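Overview (structure and organization)
Here is what each chain is made of, one letter per residue.
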Amino acid sequence: MIVQSSSHFIFDPLDVSFNIVQRGGSGQQMREEISGRYDPDHSVTPLILTPTLQVKDPNHVLQDGDHSSLLMNVRWYINSELEANRITPQTDADAFTLMGDGSLMVTTNIVAGGALNLLCVCDYLDARRGEVLSFRGTIPLSCTSVSDASLTLNFDAPANMPIYPFKKNYQRTITAQLVNGTTPMDNSKAVYEWIVLNEHHPVGISDPWLVSMTQNSITIDTRFIGKINLGCRAWLKSDPNLVLRAHTKIYRWYGQYRERLDIPRGQVLTPNTTACDIELKVATNKMGELASPQDFFDIVLVWRKNLPGETWKVLGYGPKKTIPVTELNPKYGVDTVFGAQIRELSELRQVRIGGNAITINGQEVYMRVPTINSDF
């Protein structure tokens, strides 16, 4: 009988150092928000990422030094080691180039404020033991936005813009302008977006008050506006993440006005008086007496006898009315009292019946309506 024993030939683990060397710049970029320039600019000077491996064999079987050329199965991924995220010549040729030595050439710039990780996975065969060692390394790419100047949005409308309906000039143009320091930015480099903030939609042809619109200006017809919050968003095409905003609240406002009821004829009734003339006059602080108050107010003229229990009777509509004395049935010692109710009119509103817009000769019909209920 032979007694047996065996010996094992072993190697100590290799002392390895795996790194990814960056050439041609840095993975951390800066983008000047006004000019749009990148530093460094990977589209001009590509960033080259090369996996490297330094090996030291404690048993002195393998030659110590650089074994980068022996790396196998080099794969590059974006953010995570999923096959869907693997960089290939077919899917990512515009942004990355896979090189023969396993390096990755980055020719794309990162969006300002953005970031991603490039993950490298590769293998190395330890020829002494016949074992495959796997290595992983990550290179972060990012970009921050910087500015050499101050970008502002000039907006030639106040935060609150009351519409005075008595003015004859009812069109108003509002302009927005991006300015770098004191220099206006060329419109070809900018984007302007006009929004009705209180209705949450972009300005368009469905807005009846829109007269015209260019890239950075808008002309409105104030006759069609009751109350809107008009906003503008603007940004440079080179930096869409930096958005500047301005807005104005536009609303119909009558201000202060005074009413006076005159009786040019018939204030004193005699047997020879045949009719009474009643006239309502309205004056504003800015415009003085209005020539046609019915253009801005709904007017109801009324009358009654100055007796207990008497109710108002409608005499007519509009600022003027002539009434025969016989209709008043005057009595000696009993005054006839005249009155007027005026109601502010709204903006021009689209006339609809059953939800359908009314048109005449293909034109939509608009009208003003009183803003409060009538007492009569």
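Rules used in this analysis
Residues numbered from 1 in each chain as written. Predicted model: local features only at pLDDT ≥ 70, side-chain atom pairs only at ≥ 80, totals over all residues. Heavy atoms only, no water. Helix = DSSP H or I, 4+ residues; strand = E, 2+ residues; numbered from the N terminus. Contact = heavy atoms within 4.5 Å. pLDDT = per-residue confidence, 0-100. Pairing = 2+ DSSP bridges. Salt bridge = Lys/Arg side-chain N within 4 Å of Asp/Glu carboxyl O. Axes fitted to C-alpha atoms, helices over the stretch in contact; angles between N-to-C directions. Disulfide = S-S within 2.5 Å. Buried < 20%, exposed > 50% of the residue type's maximum accessible area, 1.4 Å probe, protein only. Phe/Tyr/Trp six-rings, centres within 6.5 Å; stacked < 30°, edge-to-face > 60°. Core = buried A, V, L, I, M, F, W, Y, C linked by side-chain atoms within 4.5 Å.

Now for the environment of Asp 126. As for its placement among the helices and strands, Asp 126 is situated in strand S9 (residues 115–126). Sequence separation between Asp 126 and Gln 363 is 237 residues, and the spatial gap between their C-alpha atoms is 85 Å. Once residues within four sequence positions are removed from consideration, Asp 126 is found in contact with Leu 14, Leu 62 and Glu 131.

Let us look at the confidence of the model for the protein chain. Per-residue pLDDT for the protein chain has a mean of 90; in total, 98% of the residues score no lower than 70. Per-element confidence in the protein chain is highest for strand S18 (residues 217–221), whose mean pLDDT is 97, and lowest for helix H1 (residues 325–328), whose mean pLDDT is 84.

Pairing is mixed across the open sheet formed by five strands, whose spatial order is S12-S20-S19-S15-S16. Edge positions in the sheet fall to strand S12 (160–163) and strand S16 (201–202), since each has one partner strand and no second. Of the strand pairs in this sheet, strand S19 (residues 227–236) and strand S20 (residues 239–252) are connected by nine bridges, and their pairing is antiparallel. Bridge pairing in S20 places Lys 227 opposite Tyr 251.

With the rule as written, the count across this model stands at 16 salt bridges. Put simply, Arg 233 and Glu 193 hold a salt bridge, and the shortest N to O gap is 2.5 Å. In this pair, Arg 233 sits in strand S19 while Glu 193 sits in strand S15 (residues 190–196), placing the two residues 40 residues apart along the sequence. The partner of Arg 260 in a salt bridge is Glu 289, and the shortest N-O contact between them spans 3.7 Å. Residue Arg 260 is located in strand S21 (residues 257–265), and its partner Glu 289 is located in strand S23 (residues 288–289); the two are separated by 29 residues in the primary sequence.

So, on to the pairing of strand S13 (residues 171–180). Inspection of the sheet shows strand S11 (residues 151–155) paired to S13 by five bridges, in the antiparallel sense. Residue pairing across strands places Phe 155 opposite Ala 176, the latter belonging to S13. Sheet topology places S13 next to S18; five bridges connect them, and they run antiparallel. Across the sheet, Gln 171 pairs through a bridge with Asp 221, a residue of S18. Taken together, the two bridges between S13 and strand S14 (residues 183–184) define a ladder with antiparallel strand orientation. Across the sheet, the residue bridging to Asn 180 is Thr 183, located in S14. What sits between S13 and S14 in their antiparallel hairpin is a turn of two residues, with Gly 181 showing a positive phi close to 70°.

Spatially, three strands are ordered S25-S24-S27 in an open sheet, and the strand pairing comes out antiparallel. Among the strands making up the open sheet, the edge pair consists of strand S25 (313–317) and strand S27 (336–344). Adjacent strand axes in the sheet meet at a mean angle of 30°, parallel and antiparallel pairs treated alike. Where strand S24 (residues 297–305) and S25 come together, four bridges link them in antiparallel fashion. Bridge assignment links Val 300 to a residue of S25, and that residue is Tyr 317.

Quick look at the state of the cysteines now. By the definition in use, this model includes zero disulfides. Cys 122 supplies the cysteine sulfur nearest to Cys 120, a cysteine that is in no disulfide, at a spacing of 4.6 Å.

Here Asp 39 and Pro 40 are connected by a cis peptide whose omega angle stands at -10°. Its location among the elements puts Pro 40 in the loop between strand S3 (38–39) and strand S4 (47–56). The phi dihedral of His 60 is positive, around 60°, even though this residue is not glycine. By relative accessible area, His 60 is classed as exposed at 66%.

Before going further, it helps to spend a moment on the packing of aromatic side chains. The full count for this structure, using the stated rule, is ten aromatic pairs. Centroid distance Phe 166 to Phe 296: 4.9 Å. Interplanar angle 75°. Geometry classified as edge-to-face. Of this pair, Phe 166 sits in the loop between S12 and S13 while Phe 296 is found in the loop between S23 and S24, placing the two residues 130 residues apart along the sequence. Phe 296 shares its class with Phe 166; the two are buried. Between the aromatic rings of Tyr 254 and Tyr 257, the centroid separation amounts to 6.2 Å while the plane-to-plane angle is 65°, which identifies the pairing as edge-to-face. Residue Tyr 254 is classed as buried on the basis of its relative accessible area of 3%.

Let us look at the nonpolar core. In this structure, Ile 174, Leu 178, Trp 194 and Trp 209 are the most contacted members of the largest nonpolar core, which totals 31 residues. Among the secondary structure elements, those contributing two or more residues to this core are S11, S12, S13, S15, S18, S19 and S20. In terms of residue count, S19 provides more of this core than any other element does, five residues in total. Once residues within four sequence positions are removed from consideration, Trp 209 is found in contact with Val 196, Val 203, Ile 218, Thr 219, Ile 220, Asp 221, Phe 224, Ile 225, Ile 228 and Leu 230. With 27 residues, the next largest nonpolar core counts Leu 14, Leu 53, Leu 62 and Ala 112 among its residues.

The next thing to look at is the environment of Ser 26. Mapped onto the secondary structure, Ser 26 falls in the loop between strand S1 (15–23) and strand S2 (28–32). Of the residues examined, Ser 26 reaches a relative accessible area of 28% and is grouped as partly exposed. For Ser 26 and Ile 48, which are 22 residues apart along the polypeptide, the C-alpha to C-alpha distance reads 9.4 Å. Once you skip the residues sitting within four places of it in the chain, Ser 26 turns out to touch Pro 40, His 42 and Leu 47.

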